[in-house]
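# Fold and contact review
One letter stands for each residue in the lines below.
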Amino acid sequence: MTTKARASKMVDEAMGASRGAGAGTPSYDESTLEVDEGNLLVCDPSPVDREAFAADPEAKCKAVATSMAQALVKRLFSFPSQPAVSGRTVELPRPKTLLPRFKPIPQPKPLTRWEKFAKEKGIVKRKREKYTFDEHAGEFKRRYGYDRVNDINDVAIIEAKLTDKPGEDPFSRHKKDKRERVRKQEERRLANLKNAAKAGGKKALPATVSLARALPAADDYLSSSGPQRGQKRATKSELLEGAIAASEATASMGKFDKKSKLEGAISKKRGKRQQFAPVLGKGKHAVSAQERDLIEETVRKVISAGSKPILDVGKAVKQIDPRSLRVRKAKTPKKKSKKQREREAGGN
Amino acid sequence: MAKKGKDPRLGVTRTTKFEAKTKKGKRFLESRAAQQVEYVKRLLLLYGRKTSQTVKDVLVELKHMRDRMECTHLTRKNEKIVPFEIGGETSLEFLCGKTHSGCFVVGSHSKKRPNNLIFGRVYDEKVYDLLEMGVENFRKAVASEAKQVFSPKPCFAFAGEEFENDADFKQLKSVLLDSFRGRVVESINLKGVDRVIMCTPAPSSGQGEVAKKRVLLRHYAIKLKKSGTRVPRVELLDIGPSMDLCFRRSRAAPVDVEKEAVKKVDEAIKRKKVKNVSDDVMDGTVGRIWLKPQDINAVPLKKPKGKKSRPVDA
């Protein structure tokens, strides 16, 4: 036993004696205690002294805690320490007690199509400098991004080549090519995400996709499966209506937009609500056949001998508003005031 | 970024997929992603359907036992949070996700279960385990003495064979350690060893009554006194809060989930080092940023009138 250890044991014994006199504290042998320094945790797996606890729980609890804390402090102070701005720091070992994680261990990122190909072919990514010399500008510039080397926007003149198509604007061609490249890359990116989701589920996707759950259709990459249980499947007509409404959902409510092709599809289905037969006949016939039939039908109803009188006189009389029949009295001219009369006289 | 695709049925363009659009949004989602080596587990404190003043006080005291930045205390009642009932945990899981908390304590009060605390944890956005405890003999922290301790990382002392043998006690030990241990650190200042959370099984109160499983929970400040040796002598001061907890309902984690959740990660893998950010004892986290050299000539200083350039008379 080293002198240091002996000294500390002596202290422990001395303290145990002073403490144990009244409360009968069990002397804490280091070997019975389980210490997890990484968590600053001490456990005493021996049974507690129930009688002592029942007699004075507060004092007993404090006494037990003191000796356990003392054991932990002793352990911590035995570690090699470094001076700090105030006090000394000690290195702690990793925690021993296993606790559940908060989130599952992340899966390795699935390879993209290019990465897979590069791996097969043994293509190694080559590191390039961030800045390169721009001969036009005569200075170092970024290789990519804003204010980059050979930026087409900074070039005033592009020399024509023999291979150029006559009449084509090289600037707009560059712009078009760029747009195309961006589109294609986006397509590739989405295809890679889809493949990753197919192989490894939602968790294989990057957090920027898999966690964006507050927004609708977050699982679109996963499957093209139908609606969830209990969810109504939209009918065709509902989808059509939705699509039309969406196509018209502009500031002008679709007034100045191109008409959607769908609108034709839905209007065909609508039946005619009112039907008007032609009144005028063709050629020498003044009245059309349908109109003539209608008239004949009405006349027959009125004049045929056996038919009921179609005119209900009592009802017809009620239809007439008696007020409209009243003959109005002629208005008597309003009596003029004295002032008015004077004014008229003066004017004359 | 929205993916636009043609729907074969409609023949129109529709938006089907949403992702983070801005760099800031991306960074936020990435911060919420699963990590190989995890950051600190945050604690969420919230209320259930009904609360009593005692429950409110308990939660406030529990809040003070954690670092302010690592704890969220929601002070509204939550009608929908009844974690032991079917579907009563949905809202809790949502709030834990929103506050990015791995541990929670739900405080409630009812005639059947007065002064109720539900401790629990979340794994993979689902409730992992639950442990319901009743609070008795609660005493608030002594404000003047509580000020003396500052360490966000307390010591823990669990005395009694029950913490090794009894399932409920084991769960309590695990959940308390998880909820209050704070950050996992590589080194600690010995001055920071300044408080201890003590837990020990208590004898059941009252005679003839069915022996209730109870726990004494105490919070002491550690005073390191001179002992004449290298190891100081420990003196404890009861600073509170202190309470007795009696076990009520509990739900342990399913075996398969537990197996997955308590998996050890490769110890060699460490979190990626963040460039230009360092920790300082006095100043906390310190970041180093690069500033472009200032062009003094371009600074709009107040110029004295006499120095104003004037057209020179010919």
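Above this text sits the structure in question.
Every value quoted in this text rests on a predicted model; they were computed, and no experiment measured them. (Residues numbered from 1 in each chain as written. Chains lettered and ligands numbered in written order. Predicted model: local features only at pLDDT ≥ 70, side-chain atom pairs only at ≥ 80, totals over all residues. Heavy atoms only, no water.)

It is worth spelling out the environment of P80(A) at this point. Residue and element names in this part refer to chain A. If you trace the backbone, P80 turns up in the loop between helix 3 (57-77) and strand 3 (81-83). A relative accessible area of 60% places P80 in the exposed class. Distance from P80 to L92, taken between C-alpha atoms, is 9.8 Å for residues 12 residues apart in sequence. Dropping the residues within four chain positions of it, P80 is found in contact with T89, V90 and E91. (Helix = DSSP H or I, 4+ residues; strand = E, 2+ residues; numbered from the N terminus. Buried < 20%, exposed > 50% of the residue type's maximum accessible area, 1.4 Å probe, protein only. Contact = heavy atoms within 4.5 Å.)

This part is about the pattern of salt bridges. Counted under the stated rule, the structure contains 31 salt bridges over all chains. In this structure, E162(B) engages R50(A) in a salt bridge whose closest nitrogen and oxygen atoms are separated by 2.8 Å. With E162(B) in helix 5 (residues 162-165) and R50(A) in helix 2 (residues 50-55), this pair bridges two chains. According to the relative accessible area criterion, R50(A) is partly exposed, its value standing at 44%. With a shortest N-O distance of 3.1 Å, D244(B) and R214(B) are connected by a salt bridge. Of this pair, D244(B) sits in strand 13 (residues 242-251) while R214(B) sits in strand 11 (residues 214-225); the two residues are 30 residues apart in sequence, bridging distant segments of the chain. A residue is classified by how much of its surface remains accessible, and R214(B), at 6% relative accessible area, is buried. (Salt bridge = Lys/Arg side-chain N within 4 Å of Asp/Glu carboxyl O.)

Residues and elements named next belong to chain B. A complete count under the given rule lists seven aromatic pairs over all chains for this structure. Where F158 meets F163, the ring centres are 5.0 Å apart and the plane angle is 70°; that geometry is what we call edge-to-face. Given the relative accessible area of 1%, F158 is considered buried. These aromatic residues form a ring-pair network of at least three members: F156, F158, F163, F169 and F247. One cation-aromatic arrangement involves K213 over F247; the distance from NZ or CZ to the ring centre is 5.5 Å. (Phe/Tyr/Trp six-rings, centres within 6.5 Å; stacked < 30°, edge-to-face > 60°. Lys NZ or Arg CZ within 6 Å of the ring centre and 35° of its normal.)

Take it as geometry only, folks, not as evidence of what the structure does.
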